[in-house]
Amino acid sequence: MPTPAPSFWSDMGGTLFPAERVAAAAGEVDDLAALLGIDAPLDILDMPCGVGRHSVEWARRGHRVTGVDLTAAYIDRARAHADKAGVADRVRWQVGDMQAFRGGASFDLVTNLWTSFGYGPSRDDDARTARNFFDALRPGGRLVMDLAGKEVVVRRFQAHRWHPREDGVIVLEHATVLGAWEHVEQRWITIVREGDAAATVTDRSFVLRLYSARELLDVLEQAGFVDCTAYGSATGTPYDNHAKRLVVVARKPG
């Protein structure tokens, strides 16, 4: 399976991270902190961090954060976000690929959020990424992942959707199932109109490998994690037919 070209992420930054999505990070981090029972400052690896929306929120709460993302433009935006929030001294930014990142067992928590897993060329590549998460943690450290689980995607699947955003941008989505629900190909068409000028249209596609809860837990257990638990949301609801997301918490022994 081909991975998205680097230009895909930079071209689609406005679609992926509109203002309302960035603003939602505060509530998302509150939910995750409650789920994990965090009551003291941690060393956190947010990977990939995108434009730093979660990294900055963790830093606001006193944690020491490392944000890693492959897209340099995202890191630039994340750095500006941290500066504006007054937490630049608590966040370290790095341009890098999570499939190659080496953390040196120096983190208490690794976060992989908002469906940022499943883009590797093969399942073996995803397995190596899971091992990188494991190796980056100190003994007893935890991993939290949040993604669109296969069961949730199947239940809610729509081949065609459109999203009018608060800023007036319209995003059209076309989804195609590949294989036996192994992948979904997503085509995103973004329409931006400013005043009387002609609309700007961006048309990009990518392929995502889908993981059921059991498949993802197997990947993590094979990487060495224990106490792997699947939830249906960041508030800890069951992963059942009402699940909104697939949220997994796993621990490194020690």
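For the structure, see preceding data.
Parameters and conventions
Residues numbered from 1 in each chain as written. Predicted model: local features only at pLDDT ≥ 70, side-chain atom pairs only at ≥ 80, totals over all residues. Heavy atoms only, no water. Helix = DSSP H or I, 4+ residues; strand = E, 2+ residues; numbered from the N terminus. Axes fitted to C-alpha atoms, helices over the stretch in contact; angles between N-to-C directions. Parallel < 35°, antiparallel > 145°, perpendicular 65-115°, else oblique. Left-handed = near helix turned anticlockwise from the far one by under 90°. Contact = heavy atoms within 4.5 Å. Nonpolar A, V, L, I, M, F, W, Y, C, P; charged D, E, K, R; others polar. Expected span 1.5 Å × (residues − 1). Buried < 20%, exposed > 50% of the residue type's maximum accessible area, 1.4 Å probe, protein only. Arc of directions from axis to C-beta. Salt bridge = Lys/Arg side-chain N within 4 Å of Asp/Glu carboxyl O. Polar contact = N/O pair within 3.5 Å; in protein donor to acceptor, adjacent residues only side chain to side chain.

Here we take up unusual backbone geometry. The step from Met47 to Pro48 runs through a cis peptide bond, and the omega angle for that step is -5 degrees. The phi angle at Trp181 is positive, at roughly 55 degrees, despite the residue not being glycine. Relative to the helices and strands, Trp181 resides in the loop between β7 (170-178) and β8 (183-192). Backbone geometry places Asp227, a non-glycine residue, at a positive phi of 50 degrees.

Remark: helix α5 (residues 53-60) packs on helix α6 (residues 72-85), axes separated minimally by 9 Å, with the N-to-C direction vectors making an angle of 25 degrees. On the basis of the axis angle, α5 is roughly parallel to α6. As α5 runs across α6, the sense of the crossing is right-handed. Residue-level contacts link Arg53, Val56 and Arg60 of α5 to Ala78, His81, Ala82 and Ala85 of α6. Looking at side-chain class alone, the contact of α5 with α6 contains four nonpolar, one polar and two charged residues.

The terminal C-alpha atoms of helix α4 (residues 25-36) lie 16 Å apart, and with 12 residues this matches the ideal 16 Å at 1.5 Å per residue to within 8%. Restricting attention to buried positions, one finds in α4 the residues Ala25, Val29, Leu32, Ala33 and Leu36. Down the axis of α4, the sector holding all buried residues measures 100 degrees, keeping them to one side.

All right, on to the pattern of salt bridges then. For the structure on display, the rule yields 21 salt bridges. The partner of Glu28 in a salt bridge is Arg21, with the nearest N and O atoms 3.8 Å apart. Exposure remark for Arg21: the relative accessible area of 29% places this residue in the partly exposed category. In this structure, the salt-bridge partner of Glu57 is Arg61, at a minimum N-O distance of 2.9 Å. For Glu57, a relative accessible area of 8% gives the class buried. Owing to a relative accessible area of 31%, Arg61 belongs among the partly exposed residues under this scheme. By sharing partners, the salt bridges in this structure join Asp30, Glu57, Arg60 and Arg61 into a single network.

Looking at the element boundaries, Thr111 is found in strand β4 (residues 107-112). Accessibility expressed as a relative area gives 0% for Thr111, which makes it buried. Looking at Thr111, its side chain comes within polar contact range of the side chain of Asp46, at 2.9 Å. If we ignore the near neighbours within four places in the chain, the residues touching Thr111 are Ile44, Leu45, Asp46, Met47, Trp58 and Val144.

Note that all results are geometric; they support no functional claim without further evidence.
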